[in-house]
Amino acid sequence: MNELDTERLAWVLSTLGADTLMSVVGLRDGGAPWLIEARGASEDRAIRAVLRIADSRLGMGCPPTSRERAGMTVAARGGIPVPQVLGEQVDADEAALLIDYLPGSSAQPVTPNPTRLRTLGAIAAAIFCLTPDSVPEALLPAVEHPIPSVDFGALRAEAEPQQLFIEAERRLAEVSVDDPIGFVHGDLWSGNTLWSGEELEAVLDWDCCGHGAAGVDLGSLRCDAAMCYGLPAADHVLDGWESAAARPADSVAYWDVVAALSTPPDISWFGPAITGMTQRADLTTSILRERRDAFLADGLQRLN
């Protein structure tokens, strides 16, 4: 039925105040995160929650679930739509975070929807303005590029050299920016959002959040939009960000290059997650690679 041990499931039931486990469904390739459906003795409706599991040893100074919980707390306090945290359990090897189940879908339309793309830009601007007061600094470390838990430079060093990446690394080494620092999600892309039509229901997966430049999230969203739809879609994201922030975005070309370099040289590693979570079967590996490289080349041209 599932790969969760009985002790973990017992904790879930206890946290939910339920006594009967009805179903456990793996939401990603048949595994974690898990959609849990349970029922209490006095309940005539099912209780639904999502259980996220992480390696507790992989956190940057703290378990990933603790970082995620801190980020979601900051986001909720600032009015960003996020699930409610129901409980956290950490042991030597695994960390578990139980969150409220929210309706909606991460599926993205096949053709670009400018309203949704501008909304993504606007939510990135709103996240950047959040103030994580009273949250321990260890829970919200510095974030210098999207998905900071992955060393993309090491991946490139181990892969077959690609001239475009070599040029991008050289140019970034020659350029420095001194942008304002604020709160960032750290892994902001369309697959980490829930939608009902054009309405953004929630922003998910806060385990990479922390303090960084606004371009960390803006560049990530622009790269994602370009990979999903082509270069013009990225400008809708920028329009949404600048409209919400009421100012021009900082160092856009620089952060576009950083975002493109925060994808694996072999984009097929990201392919299943992108196509699965966005339900875009049309996004083949070759299309994703071609569009990613076009976005990177464009960013380098503007950086020059």
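Above: the structure in question.
Computed from a predicted structure; not experimentally measured.

(A) Seen up close, the overall build of the protein. The helix and strand tally for the protein stands at 10 helices and nine strands. For the protein, the C-alpha radius of gyration of 20 Å lies close to 19 Å, the compact-globule estimate for 304 residues. Projected onto the principal axes, the alpha-carbon positions of the protein cover approximately 65 × 40 × 40 Å. Residue pairs at least 24 apart in sequence account for 71% of intrachain contacts in the protein once pairs closer than 6 positions are excluded. Taken as a whole, the protein presents about 13600 Å² of accessible surface, with 51% of it coming from carbon and sulfur. One way to put it: in the protein the 22 positive side-chain charges average out to a point 3 Å from where the 44 negative ones average out.

(B) Structural detail: the pattern of salt bridges. Using the criterion set out here, one finds 17 salt bridges in the structure. The partner of R222 in a salt bridge is D256, with the nearest N and O atoms 2.7 Å apart. Of the two residues, R222 sits in helix α6 (residues 214–229) while D256 sits in helix α8 (residues 252–261), which places them 34 residues apart along the sequence. Exposure remark for R222: the relative accessible area of 3% places this residue in the buried category. For D256, a relative accessible area of 1% gives the class buried. Linked through salt bridges whose partners overlap, the residues forming this network are R222, D235, D256, D298 and R302.

(C) Main features of the layout of surface pockets. Estimated volume of the second largest pocket: approximately 150 Å³. Contributing to the lining of the second largest pocket are A142, V143, E144, V177, D178, D179, I181, H211, G212, A213, V216 and W255. Of the residues forming the lining of the second largest pocket, the biggest block, three residues, is contributed by strand β9 (residues 210–213). Looking at the lining of the second largest pocket residue by residue, the classes come out as seven nonpolar, two polar and three charged.

(D) Quick look at the packing of α8 against helix α10 (residues 285–303). At their nearest, the axes of α8 and α10 sit 8 Å apart, and the two run at 150° to each other. Classed by the angle they form, the pair α8 and α10 counts as roughly antiparallel. Where α8 crosses over α10, the two elements pack in a sense that is left-handed. Contacts between α8 and α10 involve V252, A253, Y254, D256, V257, A260 and L261 on the former and, on the latter, R292, F295, L296, G299, L300, R302 and L303. For the contact of α8 with α10, the class distribution of residues is 10 nonpolar, one polar and three charged.

(E) Representation of the sheet that holds strand β1 (residues 20–28) in the model. What the five strands build is an open sheet, ordered β1-β2-β3-β5-β4; its pairing is antiparallel. Lying at the two open borders of the sheet, with one neighbouring strand each, are β1 and β4 (85–90). For this sheet, the mean angle separating the axes of adjacent strands, direction not counted, is 20°. Relative to strand β5 (residues 94–100), strand β3 (residues 47–55) runs antiparallel, the two being bridged by seven bridges. For D55, the partnering residue across the bridge sits in β5 and is E94.

(F) Region of interest: empty space enclosed by the protein. Following the criterion strictly, the structure yields one cavity of 30 Å³ or more and no others. Looking at the largest cavity, its volume works out to about 30 Å³. Contributing to the lining of the largest cavity are Q108, P109, N113, R116, L117, L120 and Y229. Here the lining of the largest cavity takes three residues from helix α3 (residues 114–128), the largest share from any one element. Partitioned by chemical class, the residues of the lining of the largest cavity number four nonpolar, two polar and one charged.

Rules and cut-offs
Each chain carries its own residue numbering, running from 1 in the direction its sequence is written. Two thresholds apply to this predicted model, a pLDDT of at least 70 for residue-level local features and 80 or more for giving and counting side-chain atom pairs, whereas whole-chain, interface and lining totals are computed over all residues. Note that water and hydrogens are dropped before the side-chain values are worked out from all heavy atoms of the structure. Helix and strand assignments come from DSSP, with helices taken as H or I runs of at least 4 residues and strands as E runs of at least 2, each series counted from the N terminus. Our radius of gyration looks at C-alpha atoms and nothing else; its globule reference is 2.2 Å times the residue count to the power 0.38. Note on contacts: a residue pair is in contact if any heavy atoms of the two residues lie within 4.5 Å. Using the Shrake-Rupley algorithm and a 1.4 Å probe, accessible areas are obtained, with residue cover drawn only from the displayed protein chains. For the purpose of counting charges, residues Lys and Arg are taken to be positive, whereas Asp and Glu are taken to be negative. His and the chain ends are not included. Charge positions are represented by NZ for Lys, CZ for Arg, CG for Asp and CD for Glu. A pair is scored as a salt bridge if a Lys or Arg side-chain nitrogen falls within 4 Å of a carboxyl oxygen belonging to Asp or Glu. Summary of the burial criterion: residues with accessible area below 20% of their type's maximum are buried, those above 50% are exposed, and those between are partly exposed, where the area comes from a 1.4 Å probe applied to protein chains only. Cavities and pockets were defined on a 1 Å grid built over protein atoms only: a cavity is a set of grid points that admits a 1.4 Å probe from which the probe cannot escape, a pocket is an open set flanked by protein on both sides within 12 Å along at least five of seven lines, and lining residues are those with an atom within 4 Å of any such point. Grid points are joined across faces, edges and corners, and a volume is the space filled by probe spheres set on the points. Amino acid classes used here: Ala, Val, Leu, Ile, Met, Phe, Trp, Tyr, Cys and Pro are nonpolar; Asp, Glu, Lys and Arg are charged; the rest, including Gly, are polar. Axis geometry follows a simple rule: fit a line to the C-alpha atoms, using only the stretch in contact for helices, then measure angles between N-to-C directions, giving values from 0 to 180 degrees. An angle below 35 degrees is treated as roughly parallel, one above 145 as roughly antiparallel, one from 65 to 115 as roughly perpendicular, and anything else as oblique. By convention, the crossing between two helices is left-handed when the near helix turns anticlockwise from the far helix through less than a right angle, and right-handed when the turn is clockwise. Pairing between strands is defined by DSSP: at least two bridges between them are needed.

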